[in-house]
Amino acid sequence: MNVTPSPPVKAASVSAALNAWFVANARDLPWRRDGFGAWGILVSEFMLQQTPVNRVIPRLEEWLARWPTPAALAAVPPSEAVRAWSSLGYPRRALWLHAAAVQITELHGGVVPSDLDKLLALTGIGDYTARAVAAFAYGHRHPVVDTNTRRVIARAIVGAGEPSPPSRGRDLDAMSQLLPQSVQEAALFNAAIMELGAVVCTSRSPHCELCPIRNECAWRAADYPEYTGTRKTVQKKFEGSDRQVRGLIMAELRSTHRAVTDAEIGTLWPDPAQLQRALASLRADGLAILVQDGYTLPE
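Residues numbered from 1 in each chain as written. Predicted model: local features only at pLDDT ≥ 70, side-chain atom pairs only at ≥ 80, totals over all residues. Heavy atoms only, no water.

K.L.:
When you look at empty space enclosed by the protein in this model, what are you seeing that I'm missing?
P.N.:
Leftover empty space is mapped by rolling, across the atoms, a probe with the size of a water molecule. If you walk through the whole model with that rule in mind, you get 1 cavity of 30 Å³ or more. By volume, the largest cavity is sized at about 130 Å³. What lines the largest cavity is a set of 15 residues, and nearest its centre among them are Arg155, Cys201, Cys208, Cys211 and Cys217. Elements that contribute at least two residues to the lining of the largest cavity include exactly α9 (147-158) and α12 (218-221). (1 Å grid on protein atoms, 1.4 Å probe; cavity = no way out; pocket = protein on both sides within 12 Å on 5 of 7 lines; lining within 4 Å. Points joined across faces, edges and corners; volume = space filled by probe spheres on them. Helix = DSSP H or I, 4+ residues; strand = E, 2+ residues; numbered from the N terminus.)

K.L.:
What is the right way to read the domain arrangement of the chain from this model?
P.N.:
Accessible area lost during the coming together of the parts is what is often quoted as the interface size. For the chain, the domain assignment lists domain 1 (14-21 + 24-138) and domain 2 (242-296). Each partner contributes to the interface: domain 1 provides 9 residues, whereas domain 2 provides 10 residues. It is Arg83, Pro91 and Arg92 that lose the most area in domain 1 upon contact with domain 2, and together they represent 57% of the buried surface on that side. There are 1 salt bridge connecting domain 1 and domain 2. Salt-bridge contacts for aspartate 285 lead to arginine 92; the nearest nitrogen and oxygen are separated by 3.5 Å. Where domain 1 touches domain 2, the interface holds 4 residue pairs in polar contact (both at pLDDT 80 or more). Secondary structure elements with two or more residues in the side of domain 1 that touches domain 2: α5 (78-85) and α6 (92-107). In terms of residues, the side of domain 1 that touches domain 2 owes the most to one element, α5, which gives 3 residues. Taken together, the residues that form the side of domain 1 that touches domain 2 break down as 4 nonpolar, 2 polar and 3 charged. (Domains from an automatic or database assignment. Contact = heavy atoms within 4.5 Å. Buried area = accessible area lost by both parts, 1.4 Å probe. Salt bridge = Lys/Arg side-chain N within 4 Å of Asp/Glu carboxyl O. Polar contact = N/O pair within 3.5 Å; in protein donor to acceptor, adjacent residues only side chain to side chain. Nonpolar A, V, L, I, M, F, W, Y, C, P; charged D, E, K, R; others polar.)

Structure representation (C-alpha cells):
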C-alpha cells in the first residue's frame, strides 16, 4: 500500500468525521465499556485474532468470570486454558495467553504493563496487540493498524479497492499521518477507523452511502477502479483441511482428563497420513503431549 502523504487539512477532516460518526454509531462491545480494564482488553485482543466478534463475546465473558485477573489464570495449569478456549480456533492462543498471564504475574505484579516494549516481551503478543492494549486500555497515542484499518486507508487515501500485502513500517506510517495529535482523539480514531472497516467499508460489500467520509474517499472519487495489485494468499477451505483434523483431535483431548490413546485418535479421521500430520503439528505446538498411555493437553 503505497501511501501518498495526506494533506493536514484532509487528515484532520477525516479523523474528525470518523470520530463523530463513531461516537454516534459504535457497536456496544464489552471491551469498549468504561472500567473494562487492561486484562479484559488483552484477553479480548487474543480472542479476536481471526475469530468473529459474535463468537468471542460469550467466551470472553465466561473467561473473565472464571479468571478475572492474570494471577487467577496463572494459578491453573495451561490445560485448563486450552479447555476453556473450546471452539474459538487456533488454540495456541490459549497457551500463549496463559504464558503471558504467568509473566504478568511474576514480572509485573499482576498488572498488565502499558509500555510497548514490555507488552511485546510477553508471549504471544505482537505489534498490533501491544499497540491495541497501550492505546485502548491506557489511552496512549500509538497508531494501531488491523485489516479493517488498512482497507479504509487503501480506499479513502490511496484510491485502491484493496490494501496491498501488509508492511509494518508502511502501514504504521500511513496511520500515523491520519492520527490526531490529541491523545484522547487519537485513541478514539484508532477505534473509529477499525469500526468503519468492520461495519461500513467492508471487504466485499462496502456501504458507501452510509460512510461519513465518502466525500473524502479517493476510491469513490476515481469511480471505484478495480484492484490490480498484489493479493495476499487465500487460506484453503476448512472442510477436509489439516485444520479440521487438528480441531477433531483437540476436541478429543479437551473432552477428558486422562490420556487419549493412539487407537482412539485413529478413529477420528479416515486418512491416517493426514491424521498423523495433524497430530505431529499439535505436538510441535505444545498442544498434544505424549505420555505413557497416549496424549494429553499440556499440564
